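Descriptive structure summary
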Amino acid sequence: MPVIELKKGKTYKYCTCGHSEVMPFCDSAHATKGGGKPILFTAEKDGDVALCGCGNSNNKPYCDGSHAN
Ligand code: FES
């Protein structure tokens, strides 16, 4: 559950392949290593947001508390 400061209106690429070196964001490693494609999302407000770090959230890129189950 990394808490990341996002900027309203900015579009981010959330890594789903697990190969990025700048997690939780995509660094395009999926293009050569495979395993998935990024989720594009736009921040709705400025401030800290909990993003999924365990891969189990049903609301990626956001944390839904699944890591605690
Ligand atoms: S590096 Fe993982 S989805 Fe792009």
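Residues numbered from 1 in each chain as written. Predicted model: local features only at pLDDT ≥ 70, side-chain atom pairs only at ≥ 80, totals over all residues. Heavy atoms only, no water.

As annotated in an unreviewed UniProt entry, the chain is Iron-binding zinc finger CDGSH type from Wenyingzhuangia marina.

Quick notes on unusual backbone geometry
Residue P24 is reached from M23 by a cis peptide bond, and omega for that bond is 10°. Residues K60 and P61 are joined by a peptide bond in cis, for which omega reads 15°. The phi torsion at S28 lies on the positive side, around 75°, for a residue other than glycine. Relative to the helices and strands, S28 is located in the loop between β2 (11-14) and α1 (30-33). Taking relative accessible area as the criterion, S28 reaches 36% and is therefore assigned partly exposed. (Helix = DSSP H or I, 4+ residues; strand = E, 2+ residues; numbered from the N terminus. Buried < 20%, exposed > 50% of the residue type's maximum accessible area, 1.4 Å probe, protein only.)

Looking at empty space enclosed by the protein
According to the stated counting rule, one finds 1 cavity of 30 Å³ or more in the structure shown. If you add up the space inside the largest cavity, you get close to 40 Å³. Looking at the largest cavity, the residues that line it are M1, C52, G53, C54, S57, C63, D64, G65, S66 and H67. (1 Å grid on protein atoms, 1.4 Å probe; cavity = no way out; pocket = protein on both sides within 12 Å on 5 of 7 lines; lining within 4 Å. Points joined across faces, edges and corners; volume = space filled by probe spheres on them.)

Here we look at the UniProt feature "domain: Iron-binding zinc finger CDGSH type" (unreviewed entry) in the chain
As annotated by UniProt and renumbered to match this structure, "domain: Iron-binding zinc finger CDGSH type" (unreviewed entry) occupies residues 4-36 and 38-69. The span residues 4-36 shows a helical share of 12% and a strand share of 21%, and its end C-alpha atoms are spaced 22 Å apart. (UniProt positions renumbered as here; feature names shortened; annotations may be inferred.)

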